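Inside the fold
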Amino acid sequence: MLVWPTMVVDAEVVTRSAAAKIPAYPKRIVSINPCADALLMQLADKRQIASVSHYSHDKRATSIPLTQALQFPATSGTAEEILAMRPDLVVAGSVVPRPTAGALKRLGIPLVQLSIPQSVAESQQQISQLAGIVGAKQRGINVNQRISTAFSKAKPADDKKIPALIWRGGLVPGDGTLPDELLHRTGFENVSSTYGLSRWDVLPLEHLVARPPQLLFSNALEANAGRRDRMLSHPVMKKLSHRIMIADYPARLLHCAGPTLIDAVATLSAARRKLKAGL
């Protein structure tokens, strides 16, 4: 089984506050970040999780199944809410409100901050490190193996690179981003650079119509509202239906890495197989 290396990445994917020592097995973990919520659901014991972020209680923003998220209290990340949960560890994203960070430091509550991984290797390193912090190293190994297996299954049988684009309301991930790596490893050519776009940029509808890719990943149908993206519903897009295939790529697949990578590469791979079958 192919397991991607997790300890050879130079990027700092997990930072820890120097103000307090992290317990070997934290018993009350408070998460204030939706991507951290998703990781903790895979790594920590249920009894360890004192609360999740308020995003996970919102069906439009959650990175985990809503029914699972609702099993835990939620906080909006204010110092008052966090302290009321009596945490012995707080897990956050790369940006924490200054009053919250200051309160945690004064009270000696350890804070772990997770960066946004820019590659699969960085994501797997982050999983390994967070698993060690919460006392679940073997679960970290298991999650990373599942991710590696998902990539092996998603690898196409042929070497053809299909021109594709991830386009959500005009926002496009370009070269050097994690979505760019996912596209390449599932048999696509990310054509964002042909439009002169940077790492994350906006592609106007007019430019997309002038040079459409073979496959467009977007929020073709918003599951929470049952409405098509307004830009995709534009009449000019209907005229391109014979030249371009549009595949659904839910927003949650762009927001987080970690275990979300499994669904992301499965979605990309399934769309490629569907396109190839129709050629």
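Located above this text is the structure these notes cover.
Summary of the structure given here. Since we're looking at a predicted model, the values are computed, not measured. Per chain, residue numbering runs from 1 following the sequence as it is written. It should be noted that, the model being predicted, local features are given only for residues of pLDDT at least 70 and side-chain atom pairs only at 80 or more, the latter also being counted only at that level, while totals for whole chains, interfaces and linings use all residues. The basis for the side-chain values is all heavy atoms of the structure; hydrogens and waters are excluded.

Comments concerning the overall build of the protein chain
Within the protein chain, the regular secondary structure consists of 11 helices and 12 strands. Taking all 279 residues of the protein chain together, 50% fall into the buried category. Any two residues having at least one pair of non-hydrogen atoms within 4.5 Å are treated as being in contact. Of all intrachain contacts in the protein chain linking residues separated by at least 6 positions in sequence, the fraction that spans at least 24 positions is 65%. Accessible surface, the protein chain as shown: approximately 13700 Å² in total, 55% of it carbon and sulfur. Runs of E in the DSSP output that reach at least two residues are strands. Runs of H or I that reach at least four are helices, and both are numbered from the N terminus. Burial classes: relative accessible area under 20% of the type maximum marks a residue as buried, over 50% as exposed, and values in between as partly exposed (1.4 Å probe, protein chains only). The protein chains shown are the only cover counted for residues, whose accessible areas, like all others here, come from Shrake-Rupley with a 1.4 Å probe.

Notes on the sheet that holds strand β6 (residues 111-114)
Criterion used throughout: strands pair if DSSP finds at least two bridges between them. Pairing in this open sheet of 6 strands is mixed, and the strands run β1-β6-β5-β2-β3-β4 from one edge to the other. Edge positions in the sheet fall to β1 (14-16) and β4 (74-75), since each of these pairs with one other strand and no more. Looking at chain direction, strand β2 (residues 29-31) and strand β3 (residues 49-53) are connected through 2 bridges and run parallel. Bridging from a neighbouring strand, V30 pairs with S51 of β3. Axes here mean lines fitted to C-alpha atoms, for a helix over just the part in contact, with angles spanning 0 to 180 degrees between N-to-C directions. Sitting on the sheet, helix α5 (residues 120-133) touches β1, β5 (89-92) and β6, and the angle it makes with β1 is about 35°.

Observations regarding the side chain of T177
Among the secondary structure elements, T177 is positioned in the loop between β8 (171-173) and α7 (178-185). Judged by relative accessible area, T177 falls into the buried class, the value being 2%. With sequence-adjacent residues up to four places away left out, T177 is seen in contact with Q118, R199 and W200.

Side note on the sheet that holds strand β9 (residues 188-190)
Pairing is parallel across the open sheet formed by 4 strands, whose spatial order is β9-β7-β11-β12. Of all the strands in the sheet, just β9 and β12 (245-248) have a single pairing partner and so form its edges. In this sheet, neighbouring strand axes are inclined to one another by 35° on average, regardless of whether the strands run parallel or antiparallel. Alignment of strand β7 (residues 162-166) against β9, held across 3 bridges, turns out to be parallel. Note that in β9 the partner of I162 across the bridge is F188. Set on the sheet, α7 makes contact with β7, β9 and β11 (215-218); between it and β9 the angle comes to about 150°.

Some points on the environment of V52
Inspection of the secondary structure assignment puts V52 in strand β3. A relative accessible area of 1% places V52 in the buried class.

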